[in-house]
Structure formats: C-alpha cells, structure tokens
Amino acid sequence: MITVRVPAKVNLQLSVGPLRDDGFHDLVNVFHAVSLFDEVTASESDRVEVVCDHADVPLGDDNLAARAAHALAPGRGVRLEISKNIPVAGGMAGGSADAAAALVACNALWNLGRTPGELMEIGGTLGSDVPFALLGGTAVGTGRGEHLTPVDTSGTFHWVFALADGGLSTPQVYGECDRIREATGEAAVWPSLSEPLAKALADGNAPALGGALVNDLQPAAIMLRRSLHRTLEEGRELGALGALVSGSGPTCAFLAADETHAREIAVALTGCREAVIAHGPVPGAVIV
Ligand code: C5P
C-alpha cells in the first residue's frame, strides 16, 4: 500500500493568450504550491477502482486519478482511495493533484521505475496542471501550462483561501473569457512573465507580490459568479496584501503579511463557506 500527499496550487500570474486551434489557450501561468493537501492511497486490486470521501468527485473512468493509472500501465488494476482537502472544482487543481498523486503511487506500487520526467510527460497528457502538481514549489508554465520552469523564491508566503459553495467549470470560465474579449474588442496578447512578480518572489517581498498578482480569468469567473467581487473586496478591506480569484475559481486567494495576519483575515471573512489558511511554496507529490 502506497500513500502519496499532493498539494493544491494557486496561480500568481495567469496570463491568457490567444485561443489555439486545439481549443486550449497559450498561457504564462505562475503556479505556486500551497499547504492544502489531498492524499491518494494505492493498493492492489484486479481492476481500477476509485473511492473518495467527497461526494462531488466522479468515481468512474473519467476520474483523473483513474485515468492516470490507465495511462501509466493500461490493463493493470489498482484501488485508489482519495482523501480530499483541496476544494473540488475550486480553481486549485484538485483533480490534477489527484492524478499526479496516482501517477507517483502506481509507479511505486507496480515497481515501474518511471523517472520524474517520464511521469511529468504522461501527466501533461492528462491535464494542463498535472505536471506542476508533480513538481511543486513555484514554477512558470507555458504552452497549455504544462511546460515548466522553476521560479526563484525566498522565504514563505502566507495565504487565506475563501472556499465557495459549488464549483466553476474550467472550460466555461475560459469560454467566458473569450466571450468578454470578443464583446469588448480586446485582443488577446502574447503573454510574458511579469518582471515585478518575479522580483517580488525572488526577494520574498509579500507586499510587492500582493501588488503584482494577476489573473486574466478573474473577470470571467466574476461574470459567472457575481458574489466573488464582494468576497475579494472583503479581503482587501481586511488588509490583505493582494486578492485574486484562484485559477478559474470560485476559490478566492488572499495574501497576508504573516501567519498571524492570515489567521485574522480567515476569522473575519464572512462572505464565503469557509476560510482556510495555508503557506507556500511546498513540494509536489511525495510518498508519505
Ligand atoms: O488541461 P485541463 O483539462 O485542465 O483543461 C480544462 C479546460 O480548460 C480545457 O478543456 C480548456 O477548455 C481550458 N483550458 C484552456 N487553455 C489552457 C488550459 C485549459 O483553454 N491552457
């Protein structure tokens, strides 16, 4: 039996470029792994089966962890038990995290000896965010987000995540982003890594990082879930150094000055289902 712990991510810069012919967008996507973890336990079975302690996770063959097992060794069986802490459809790459954990767990359980690079390559075929869940830390993703380069950081950043009821569909949020751009005549520009963001990360400068956070999907997520606007405002009023929708939402992320500040913001936030604190960067999927 092998258990793998895998982190959630928040996007510090999510710059969405033009829509490609394959239906994806070219991105500059600065991923940051935070200390909200799922655990996936793999054990022997004669078929691929998934069990999960969260009712909203699909358990069939479209489950990303099941697809990871199939992709790694077609025809082999495994029982995958997912213990969820990462919000489901929350914009924190929870499904991708479970796929990454399943890759690491099955590789060990089945003694396949695949290298981290080989797992990242298979991960990239499963979803744009899977390679980062294997890598962890802070990294810039280009292409669909699957081509990764680690980014220099100093120290630890403290976050508050405002969890919402229900999820948002990632394809729908990207579609809304395209629709808004078409309606406003705003051309999608070819994105590049934000220099102020990279400097703030390298310096471990939380106030500067707070001012440099950017998410091109945010207007689309707010259009689909109007209440997010108020949640972001509330966090700013409580003194957050930065506030943004995490990925395609609906989770909102707030950067705090330190852990005490994060706790204060989390306790005071009212416009969300639950507020949790976490820190980053943390490592990617690891066997525990
Ligand atoms: O790769 P992943 O399965 O996470 O992508 C989910 C959906 O998000 C895609 O089907 C696509 O609609 C959208 N997407 C995109 N451009 C990306 C990544 C995702 O349009 N770079």
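Provided above is the structure to which this section pertains.
Right, let's walk through the structure included here. In this text the structure is predicted, and so the values were computed from the model without any measurement.

Some points on the overall build of the protein
Then, number 1: Across its full length, the protein carries 10 helices and 12 strands.
Then, number 2: Scaling as 2.2 N^0.38, a compact globule of 288 residues should have a C-alpha radius of gyration of about 19 Å, and the protein matches this with 18 Å.
Then, number 3: Expressed as lengths along the three principal axes of its C-alpha atoms, the size of the protein is roughly 55 × 45 × 35 Å.
Then, number 4: Burial statistics for the protein: of 288 residues in total, 55% are counted as buried.
Then, number 5: Pairs at least 24 residues apart make up 76% of the contacts formed inside the protein by residues separated by at least 6 positions.
Then, number 6: Approximately 12,200 Å² of the protein is accessible, and the part contributed by carbon and sulfur atoms is 51%.
Then, number 7: In the protein, the 19 positive side-chain charges and the 34 negative ones have mean positions that sit 2 Å from each other.

A look at helix α2 (residues 94–109)
The α-helix winds at 3.6 residues per turn, so residues separated by three or four positions along the chain end up facing the same way.
Then, number 1: With 16 residues, α2 should reach 22 Å at 1.5 Å per residue; the first-to-last C-alpha distance of 22 Å fits that figure.
Then, number 2: When you tally the buried positions in α2, you get 14 out of 16 residues, the bulk of the element.
Then, number 3: Asn111 sits one or two positions beyond α2 and adopts a positive phi of about 50°.

Re the pairing of strand β4 (residues 78–83)
Consecutive residues of a regular strand have side chains that alternate between opposite faces of the sheet.
Then, number 1: Of the two faces of β4, the one holding Val78, Leu80 and Ile82 is buried and the one holding Arg79, Glu81 and Ser83 is not buried anywhere.
Then, number 2: Alignment of strand β2 (residues 25–43) against β4, held across 5 bridges, turns out to be antiparallel. Across the sheet, Glu39 pairs through a bridge with Ser83, a residue of β4.
Then, number 3: In this structure, strand β3 (residues 48–52) lies alongside β4, joined through 5 bridges in parallel fashion. Looking at the pairing, Val48 lines up with Val78 of β4.

What about the environment of Pro7?
Then, number 1: Note that Pro7 resides in strand β1 (residues 2–19).
Then, number 2: The exposure class of Pro7 is buried, given its relative accessible area of 5%.
Then, number 3: The spatial distance from the C-alpha of Pro7 to the C-alpha of Pro74 is 26 Å, given a sequence separation of 67 residues.
Then, number 4: Among all residues touching Pro7, those that are not within four sequence positions of it are Ala33, Val34, Leu36, Phe37, Ile86, Ala97, Ala133, Val282, Pro283, Gly284 and Ala285.

Some details on the environment of Glu233
Then, number 1: Tracing the chain through its elements places Glu233 in helix α9 (residues 227–237).
Then, number 2: Overall, the relative accessible area of 28% leaves Glu233 in the partly exposed class.
Then, number 3: For the pair Glu233 and Leu244, spaced 11 residues apart in sequence, the C-alpha separation works out to 9.8 Å.

A closer look at empty space enclosed by the protein
Then, number 1: Summed over all chains, the structure comprises 1 cavity of 30 Å³ or more.
Then, number 2: As for the largest cavity, its lining consists of Pro7, Lys9, Phe31, Ala93, Ala97, Asp129, Phe132 and Ala133.
Then, number 3: If you list the elements that add at least two residues to the lining of the largest cavity, you get β1 and α4 (130–135).
Then, number 4: Across the lining of the largest cavity, the residue classes break down as 6 nonpolar, no polar and 2 charged.

Here we look at the site of the ligand
Then, number 1: By nearness alone, every residue bordering the ligand is listed as Gly23, Phe24, His25, Leu27, Gly127, Ser128, Arg144, Thr170, Pro171 and Tyr174.
Then, number 2: In this structure, His25 approaches the ligand through a side-chain N or O atom, which is 2.6 Å from an oxygen atom.
Then, number 3: Look at the ligand: alone it shows 450 Å² of surface, and the protein chains cover 76% of it.
Then, number 4: Assessed atom by atom at 2 Å from the grid points, the ligand resides in the largest pocket.
Then, number 5: Looking at the shell around the ligand, the elements that each hand over two or more residues are β2 and α5 (170–184).
Then, number 6: Looking at the shell around the ligand, its residues break down into 4 nonpolar, 5 polar and 1 charged.

Examining the side chain of Ser96
Then, number 1: By the element assignment, Ser96 lies in helix α2.
Then, number 2: A residue is classified by how much of its surface remains accessible, and Ser96, at 11% relative accessible area, is buried.
Then, number 3: Beyond its immediate chain neighbours, meaning those up to four positions away, Ser96 contacts Leu64, Asp129, Val130 and Ala133.

Here is what the cut-offs are and how they apply
Residues numbered from 1 in each chain as written. Predicted model: local features only at pLDDT ≥ 70, side-chain atom pairs only at ≥ 80, totals over all residues. Heavy atoms only, no water. Helix = DSSP H or I, 4+ residues; strand = E, 2+ residues; numbered from the N terminus. Rg over C-alpha atoms; globule rule 2.2 N^0.38 Å. Buried < 20%, exposed > 50% of the residue type's maximum accessible area, 1.4 Å probe, protein only. Contact = heavy atoms within 4.5 Å. Areas by Shrake-Rupley, 256 points an atom, 1.4 Å probe, with all protein chains shown as cover. Lys, Arg positive; Asp, Glu negative; His and termini not counted. Charge placed at Lys NZ, Arg CZ, Asp CG, Glu CD. Expected span 1.5 Å × (residues − 1). Pairing = 2+ DSSP bridges. 1 Å grid on protein atoms, 1.4 Å probe; cavity = no way out; pocket = protein on both sides within 12 Å on 5 of 7 lines; lining within 4 Å. Points joined across faces, edges and corners; volume = space filled by probe spheres on them. Nonpolar A, V, L, I, M, F, W, Y, C, P; charged D, E, K, R; others polar. Near = heavy atom within 4 Å. Polar contact = N/O pair within 3.5 Å; in protein donor to acceptor, adjacent residues only side chain to side chain. Sits in = over half its atoms within 2 Å of the grid points.

Read these as spatial facts, not as claims about activity.
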